Amino acid sequence: MTPESVMTLGRYGIEVTLMLAAPLLLTGLAVGLVVSIFQAATQINEMTLSFIPKMTCVFIMLVVAGPWMITVMTNFMRQVFTSIPFMAG
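Residues numbered from 1 in each chain as written. Predicted model: local features only at pLDDT ≥ 70, side-chain atom pairs only at ≥ 80, totals over all residues. Heavy atoms only, no water.

Moving on, we come to the environment of proline 3. Examined against the element boundaries, proline 3 turns out to sit in helix α1 (residues 3-42). On a C-alpha basis, the gap between proline 3 and alanine 41 in space is 54 Å, while along the polypeptide they are 38 residues apart. (Helix = DSSP H or I, 4+ residues; strand = E, 2+ residues; numbered from the N terminus.)

Below you can see the structure in the form of structure tokens.
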């Protein structure tokens, strides 16, 4: 196993991780921004007002993007497992 193959595999793993995390994190960021603007406009500082909508929207995004995320993870793991014999020898 060469250092180049290790770096390539690690880079691809980080790319897959970022691709899988991005939809959920961006959804939480967008909902949090909207809720904080609403809280600033109305001066309502309730903790559950920011948590519940974020949790709900992230769950909805997980349901919507879930099949795509499973496909990306499956393709990555298939590629890793099929390249094991080439890395070992």
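Next up on the list: the packing of α1 against helix α2 (residues 47-82). Direction vectors running N to C along α1 and α2 enclose 165°, while the axes themselves pass 10 Å from each other. The pairing of α1 with α2 is recorded here as roughly antiparallel in orientation. Along this stretch, α1 crosses α2, giving a crossing that reads as right-handed. Taken together, the residues of the contact of α1 with α2 sort by class into 22 nonpolar, 7 polar and 1 charged. (Axes fitted to C-alpha atoms, helices over the stretch in contact; angles between N-to-C directions. Parallel < 35°, antiparallel > 145°, perpendicular 65-115°, else oblique. Left-handed = near helix turned anticlockwise from the far one by under 90°. Nonpolar A, V, L, I, M, F, W, Y, C, P; charged D, E, K, R; others polar.)

Glancing now at unusual backbone geometry. In the Ramachandran plot, glutamine 43 falls in the positive-phi region, its phi being about 60° despite a non-glycine side chain. Residue placement: glutamine 43 occurs in the loop between α1 and α2. We classify glutamine 43 as exposed; its relative accessible area is 68%. (Buried < 20%, exposed > 50% of the residue type's maximum accessible area, 1.4 Å probe, protein only.)

Here we take up the pattern of salt bridges. A complete count under the given rule lists 1 salt bridge for this structure. Glutamate 15 is the salt-bridge partner of arginine 11, the closest N and O atoms lying 2.5 Å from each other. Of this pair, arginine 11 and glutamate 15 are both found in helix α1, 4 residues apart, which corresponds to roughly one turn of the helix. (Salt bridge = Lys/Arg side-chain N within 4 Å of Asp/Glu carboxyl O.)

Time to look at the side chain of glutamine 39. Relative to the assigned elements, glutamine 39 resides in helix α1. Note on glutamine 39: relative accessible area 14%, which makes it buried. With residues up to four places along the chain from it excluded, the contact list for glutamine 39 reads Ile44, Asn45, Glu46, Leu49 and Ser50. (Contact = heavy atoms within 4.5 Å.)

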